[in-house]
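# Structural features, examined
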Amino acid sequence: MHIRMDKQNLQINDYGPDSVNVRNRYPYIFELFEKFKKYNYENNKGDLNRLLSFVLNIEQTLNNDNVEGSIAEVGVYKGNSAAILAHFAKEYNKTCYLFDTYEGFDDRDIEDHKNQKGFNPLEFDDTSIELVTEVIGDNVKSCEFIKGYFPECIPSNLKNKTFSIVSLDCDLYNPMKASLEWFYPRMNNKSIFLIHDYSSGYFKGVKRAVDEFCNVSKQHLILMPDKGGSAFIKIYK
């Protein structure tokens, strides 16, 4: 797929979304794109489907559906998707909670994956809170960083919070399962899970954890045609 982006136009196969290209409905998307690819250029430079689907579905959830609750992400890495979440946290006067070890995978989570062909347990250790802060920019004022192993790192003051938007980019089975189980009871009606790597074909623990969650909770997936095989779950209770 040919993707082109410049200062004036965001285009996919020369037929980009009319809401962006023609009606300029989301003028901030160009600034978000720069943050989306910062320090992660090779992976994110062409993944406009993910960026656009984040923007459209977050806008729908917070603006059209008027869902209350905080924003969160588990699996922040370099902060590229967190920058999108932070933008909306500022716009809607919410707090964005960013959970990560900020040191890569925890040894407790790699047992199921260490023999997987091509798996690198050190793949995501090139990050830090300082780097993520730089990527997010001024909107970091709406964020709280929570460093540590999830869910052990969750502060007690969050246990009574509710959530509207939760992004899960955990890569491995244990943190994905723990995240879904902890956040789901705290998700308001019509809130949304933004899940990365579900149909990537590589991080198979993500698909297993999500399938188990959906079978128990009776929630349903919507698959996205982006680079990492994202899936969204619109929560109905």
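Residues numbered from 1 in each chain as written. Predicted model: local features only at pLDDT ≥ 70, side-chain atom pairs only at ≥ 80, totals over all residues. Heavy atoms only, no water.

## Quick look at the overall build of the protein chain
Looking only at helices and strands, one finds eight helices and nine strands in the protein chain. The globule rule puts the C-alpha radius of gyration for 237 residues at 18 Å, and the 17 Å found for the protein chain is close to it. Looking at the protein chain as a whole, 54% of its 237 residues qualify as buried. Summarising the internal contacts of the protein chain: among those between residues at least 6 apart in sequence, 71% fall at separations of at least 24. Total accessible area on the protein chain stands at roughly 11600 Å², and carbon and sulfur atoms take up 47% of it. Here the protein chain carries 29 positive and 34 negative side-chain charges, and the mean point of each set is 4 Å from the other. (Helix = DSSP H or I, 4+ residues; strand = E, 2+ residues; numbered from the N terminus. Rg over C-alpha atoms; globule rule 2.2 N^0.38 Å. Buried < 20%, exposed > 50% of the residue type's maximum accessible area, 1.4 Å probe, protein only. Contact = heavy atoms within 4.5 Å. Areas by Shrake-Rupley, 256 points an atom, 1.4 Å probe, with all protein chains shown as cover. Lys, Arg positive; Asp, Glu negative; His and termini not counted. Charge placed at Lys NZ, Arg CZ, Asp CG, Glu CD.)

## Digging into the packing of aromatic side chains
Here the structure, examined in full by the defined rule, presents 17 aromatic pairs. Arranged with centres 5.9 Å apart and planes meeting at 90°, the rings of Tyr28 and Phe88 form a pair that is edge-to-face. Placement of Tyr28 in the loop between helix H1 (18–21) and helix H2 (29–37) and of Phe88 in helix H5 (residues 80–91) is noted, with a sequence separation of 60 residues between them. With a relative accessible area of 18%, Tyr28 lands in the buried category. (Phe/Tyr/Trp six-rings, centres within 6.5 Å; stacked < 30°, edge-to-face > 60°.)

## Quick word on the environment of Phe203
With respect to the helices and strands, the residue Phe203 is situated in the loop between strand E7 (187–195) and helix H8 (204–217). Put simply, Phe203 and Leu158 are 45 residues apart on the chain and 29 Å apart in space, counted from C-alpha to C-alpha. Ignoring sequence-local partners within four residues, the contact set of Phe203 consists of Phe105, Glu123, Phe124, Asp171, Leu172 and Asp197.

## Digging into unusual backbone geometry
Of the consecutive residues Phe150 and Pro151, the connecting peptide bond is found in the cis state with omega at 10°. Along the polypeptide, Pro151 turns up in the loop between strand E5 (143–147) and strand E6 (163–168). The phi torsion at Tyr102 lies on the positive side, around 55°, for a residue other than glycine. Note on placement: Tyr102 falls in the loop between strand E4 (96–100) and helix H6 (129–136). Phi at Asp171 takes a positive value of approximately 75°, unusual for a residue other than glycine. Given a relative accessible area of 7%, Asp171 falls into the buried group.

## Points about the nonpolar core
One finds Phe99, Phe150, Met176, Phe183, Phe193 and Val210 to be the most contacted residues of the largest nonpolar core, which totals 39 residues. Broken down by secondary-structure element, the contributors of at least two residues to this core are strand E3 (70–74), E4, E6, helix H7 (173–183), E7, H8 and strand E9 (231–234). Tallying contributions element by element places H7 first for this core, with six residues. Discounting residues that sit within four places of it in the chain, Phe183 has contacts with Ala72, Val74, Phe99, Phe150, Phe163, Val166 and Phe193. Counting 37 residues, the second largest nonpolar core, distinct from the first, contains Val20, Phe36, Leu52 and Leu85. (Core = buried A, V, L, I, M, F, W, Y, C linked by side-chain atoms within 4.5 Å.)

## Digging into the state of the cysteines
Summed over the entire model, instances satisfying the criterion amount to zero disulfides. The closest cysteine sulfur to the non-disulfide-bonded Cys170 is located on Cys153, 11 Å from its own sulfur. For Cys170, a relative accessible area of 7% translates into the label buried. (Disulfide = S-S within 2.5 Å.)

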